[in-house]
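If you want the building blocks of each chain, they are given just below.
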Amino acid sequence: MSTAEFVEFYTAQKGRCLRAAVASGMDPDRAEEAVAEAFARAWSRWRTVRVMESPAAWVVRTAINQNVSWWRQRRREVPSESAADLPVADGPGQVDLVAAIRRLPPRQREVVVLRYLLDLDTHATARSMGVAPGTVSAHLHRALASLREHLTISEGTPS
């Protein structure tokens, strides 16, 4: 196992993985914890993870799964913020794309994150999600239509 190789991977991918985790719906602080845990797991399995088609996608998927487990343990303790309550704009005339992505249904959100934030192709996204490529295309089509509609509505509102 090459420590230098993992350090290089971590350094190059940490920011992308964190952005992808936040865009998938995680609170930024929680995303940092989940991504850190996912990188720790990647290190412990580096021989296997390093030869995967997209180790970064594995890290994000692991962070998302870790976050789901974390919320399952705490769901009755902490009230969660509804995606509908998230801010959509940072200021007049500015649309927060991450907030718009976070409003998508979970599978659509996951497809957008894997395809556009991690730059996976349709087949790699399908393998990462454990679904058929056609399913990825269908979710992506619906997600992009929702984002277009939402962003058009947001841009059309008076400042």
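Before reading further, recall that the structure is shown in the block above.
Residues numbered from 1 in each chain as written. Predicted model: local features only at pLDDT ≥ 70, side-chain atom pairs only at ≥ 80, totals over all residues. Heavy atoms only, no water.

Participant: Go over unusual backbone geometry, please, and point to the residues and values.
Facilitator: The phi angle of most residues is negative, glycine excepted, and most peptide bonds adopt the trans form. Notably, aspartate 119 is not glycine yet its phi reads approximately 60°, a positive angle. Among the structural elements, aspartate 119 can be located in the loop between α6 (106-117) and α7 (122-129). A residue is classified by how much of its surface remains accessible, and aspartate 119, at 59% relative accessible area, is exposed. (Helix = DSSP H or I, 4+ residues; strand = E, 2+ residues; numbered from the N terminus. Buried < 20%, exposed > 50% of the residue type's maximum accessible area, 1.4 Å probe, protein only.)

Participant: Could you give an account of the side chain of threonine 125, with specific residues and numbers?
Facilitator: For threonine 125, the position within the fold is in helix α7. At 2.9 Å, the side chain of threonine 125 and the backbone oxygen of aspartate 121 are in polar contact. Ignoring anything within four residues of it in the chain, the contact list for threonine 125 reads Leu114, Arg115, Leu120 and Val136. (Polar contact = N/O pair within 3.5 Å; in protein donor to acceptor, adjacent residues only side chain to side chain. Contact = heavy atoms within 4.5 Å.)

Participant: Would you mind going over the nonpolar core in detail, with residue names and values included?
Facilitator: By size, the foremost hydrophobic cluster in this structure holds 39 residues, and its most contacted members are Phe9, Cys17, Met26, Phe39, Val59, Val60 and Leu118. At the level of elements, α1 (3-23), α2 (28-44), α3 (46-49), α4 (55-74), α5 (97-102), α6, α7 and α8 (133-156) are the ones that each hand at least two residues to this core. The contact partners of phenylalanine 39, leaving out residues within four places of it in the chain, are Phe6, Phe9, Tyr10, Gln13, Lys14, Cys17 and Val59. (Core = buried A, V, L, I, M, F, W, Y, C linked by side-chain atoms within 4.5 Å.)

Participant: So, the packing of α1 against α2: which residues are in play, and what are the values?
Facilitator: With their axes 10 Å apart at the nearest point, α1 and α2 run at an angle of 150° to one another. Judged by the inter-axis angle, α1 sits roughly antiparallel to α2. Two packed elements cross with a definite hand, and for α1 against α2 that hand is right-handed. Touching Thr3, Phe6, Phe9, Tyr10, Gln13, Lys14, Cys17, Leu18, Ala21 and Val22 of α1 are Pro28, Ala31, Glu32, Val35, Phe39, Ala42 and Trp43, all from α2. (Axes fitted to C-alpha atoms, helices over the stretch in contact; angles between N-to-C directions. Parallel < 35°, antiparallel > 145°, perpendicular 65-115°, else oblique. Left-handed = near helix turned anticlockwise from the far one by under 90°.)

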